[in-house]
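Per-entry structural report
These are the residues of each chain, in order.
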Amino acid sequence: MKLIIAIVNNDDSSTVQSALTEGGFFVTKLATSGGFLKKGNTTFFIGTNDDKVDPALEIIKAHARKRVEKEPTVPPTEMGEFFTPIMVDVLVGGATVFVVDVDRFEKI
């Protein structure tokens, strides 16, 4: 048995969750936030058999898309209200996925 931990951008979380559920996966969803952009993410915990890991990853890949967004170089509150930040392109989205072995699983 495996535990898939998938960290997904909030913009994609609903479609990822729906697709996983339609694919027959049981999903636990947690609200999380990233350290780099300090934006909201969703972390999914998916417990599944070893042979179902690749289909789950394919679903995540198909629905967690990468995209470029404009972000300020410095948050406006750090420089005062009259500071105009320089906007830069930042790649966001996609998913960060960990697949770990589960030694024991019990549903109580």
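Above this text is the structure in question.
Worth saying up front: this structure is predicted, and the values here are computed from it rather than measured.

Regarding its fold elements, the protein chain presents three helices and six strands. Considering only intrachain contacts with a sequence separation of at least 6, the fraction spanning at least 24 residues in the protein chain is 68%. Counting only carbon and sulfur atoms, one obtains 55% of the accessible surface of the protein chain, whose full area is about 7,500 Å².

With respect to the helices and strands, the residue Lys2 is situated in strand β1 (residues 2–9). Other than its neighbours up to four places away in sequence, Lys2 contacts Ile46, Gly47, Thr48, Asp50, Val53, Val99, Val100, Asp101 and Val102.

This brings us to the pairing of β1. Burial of β1 is extensive: six of the eight residues sit out of reach of the surface. As defined by bridge partners, β1 adjoins strand β3 (residues 40–48) across eight bridges and the pair is classed as antiparallel. Bridge assignment links Leu3 to a residue of β3, and that residue is Gly47. Sheet analysis places β1 next to strand β6 (residues 95–101), joined by seven bridges and oriented antiparallel. By the bridge assignment, Val8 is partnered in β6 with Ala95.

Applying the stated criterion to the full structure yields three salt bridges. Asp101 is the partner of Lys2 in a salt bridge, and the nearest nitrogen-oxygen pair spans 2.2 Å. Here Asp101 lies in strand β6 and Lys2 lies in strand β1, a separation of 99 residues in the sequence. Across the pair Glu106 and Arg104 runs a salt bridge whose closest N-O atoms are separated by 2.2 Å. With relative accessibility at 66%, the residue Arg104 sits in the exposed group.

Once that is clear, we can look at the nonpolar core. In this structure, Ile4, Val16, Leu20, Ile46 and Ile60 are the most contacted members of the largest nonpolar core, which totals 15 residues. Elements with a minimum of two residues in this core: β1, α1 (10–22), β3 and α2 (53–63). Residues in contact with Ile60, not counting those within four places in the same chain, are Ile4, Ala6, Val16, Leu20, Ile46, Ala95 and Val97.

Turning our eyes to something else, we now look at the environment of Gly40. Note on placement: Gly40 falls in strand β3. Residues Gly40 and Val8, 32 residues apart in the sequence, show an inter-C-alpha distance of 9.1 Å.

Reading the values: the criteria
Residues numbered from 1 in each chain as written. Predicted model: local features only at pLDDT ≥ 70, side-chain atom pairs only at ≥ 80, totals over all residues. Heavy atoms only, no water. Helix = DSSP H or I, 4+ residues; strand = E, 2+ residues; numbered from the N terminus. Contact = heavy atoms within 4.5 Å. Areas by Shrake-Rupley, 256 points an atom, 1.4 Å probe, with all protein chains shown as cover. Buried < 20%, exposed > 50% of the residue type's maximum accessible area, 1.4 Å probe, protein only. Pairing = 2+ DSSP bridges. Salt bridge = Lys/Arg side-chain N within 4 Å of Asp/Glu carboxyl O. Core = buried A, V, L, I, M, F, W, Y, C linked by side-chain atoms within 4.5 Å.

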